Amino acid sequence: METTSRVGAQTPAAEGHQLSSARRTVDGYLQAPFPWYGLDEAFTGPRWLMQVGTAADGAVEHGSIGHGDEPSVRGEAGAAGEQREKFAVVVTVAAHPSRRSADGTGLLEATSVSSAAWLAGVGLLSFTWPGQMDHSLRDDWLDQQTETAWALADDLDGPEWSRLSLPVDGAAASFHYRESEFGWVLAGTTEAGVHLGAYGRGMSAYGLGFAAIKDIAAYT
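Everything numeric in this text was worked out from a predicted model, so none of it was measured.

The rules behind these values
Residues numbered from 1 in each chain as written. Predicted model: local features only at pLDDT ≥ 70, side-chain atom pairs only at ≥ 80, totals over all residues. Heavy atoms only, no water. Helix = DSSP H or I, 4+ residues; strand = E, 2+ residues; numbered from the N terminus. Buried < 20%, exposed > 50% of the residue type's maximum accessible area, 1.4 Å probe, protein only. Contact = heavy atoms within 4.5 Å. Phe/Tyr/Trp six-rings, centres within 6.5 Å; stacked < 30°, edge-to-face > 60°.

Caption draft 1: Focus on the environment of V168. Among the secondary structure elements, V168 is positioned in strand β9 (residues 162–168). Look at V168 and you get buried, because its relative accessible area is 7%. Along the backbone, V168 and F210 are 42 residues apart, and their C-alpha atoms lie at a distance of 4.7 Å. Every residue in contact with V168, bar those within four places of it in the chain, is listed here: Y37, A173, F175, T190, L196 and F210.

Right under this line is the structure:
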């Protein structure tokens with residue numbers, strides 16, 4: 001998969017359990033030279049900023065926008081009798097070819113739909129672990145599952161993925177889609193110079209639509 005150190009930034013898996021305390025301001029989003037995407041106007045629930053990720057040269061490469069309930073790290077089934085959170089997160093990844101870093105000292109590899117699929121996959125994992133697992137073992141489990149997410153993202157035409165057509169800026173677009181015991185993940189691309197990934201739980205992916213965010217500053 002053509003990415004820079006797996007998109008060259010802190011992944012959602014590394015940051016997920018610190019979402020509330022470590023969430024960045026809108027400043028990082030405003031530095032991006034590409035449009036941010038979220039769910040379209042059909043979604044009327046809460047929306048919230050998460051994190052942006054940067055490449056080795058400091059350029060903003062990707063970021064996430066949350067919708068619905070803010071997820072917390074928990075066992076896959078939650079506590080006994082506890083209703084699972086309902087959320088969807090949209091990941092926007094700058095689409096660009098291989099290029100030299102700003103300081104000229106290195107080569108930044110291309111991003112692709114697989115980049116968006118991997119970020120979405122590890123993003124979902126960052127809020128989940130098997131309910132029967134001791135917390136002390138979660139890091140090992142997460143490392144193993146992250147490698148699995150990487151392998152799946154690198155094989156978008158494989159049997160684990162199906163195709164799903166969803167609207168992007170009002171026009172139908174094709175996405176790679178898969179479900180797991182933890183939730184769902186999808187990834188595709190746009191005509192606006194970005195790739196899109198998304199993941200969620202408790203909200204069906206089949207009724208979603210995506211649209212460019214007109215004013216990211218409004219999310220504060």
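After that view, the rundown keeps rolling.
Caption draft 2: Region of interest: the packing of aromatic side chains. Applying the stated rule across the entire model yields 7 aromatic pairs. Judged by centre distance (6.1 Å) and plane angle (75°), the ring pair of F87 and F127 falls under edge-to-face. With a gap of 40 residues between them, F87 in strand β5 (residues 87–94) and F127 in the loop between α4 (113–125) and β8 (128–129) connect regions that are remote in the sequence. The exposure class assigned to F87 is buried, which follows from its relative accessible area of 0%. Between the aromatic rings of F87 and Y199, the centroid separation amounts to 6.4 Å while the plane-to-plane angle is 80°, which identifies the pairing as edge-to-face. One end of the pair, F87, is in strand β5; the other, Y199, is in strand β12 (residues 194–201), and 112 residues separate them in sequence. According to the relative accessible area criterion, Y199 is buried, its value standing at 0%. A network of ring pairs unites the aromatic residues Y29, F34 and W36 as a single cluster.

Caption draft 3: Up close: the side chain of S64. By the element assignment, S64 lies in strand β3 (residues 60–68). Contact partners of S64, with chain neighbours within four places excluded, come to Y29, L49, M50, Q51, V89, V90 and V91.

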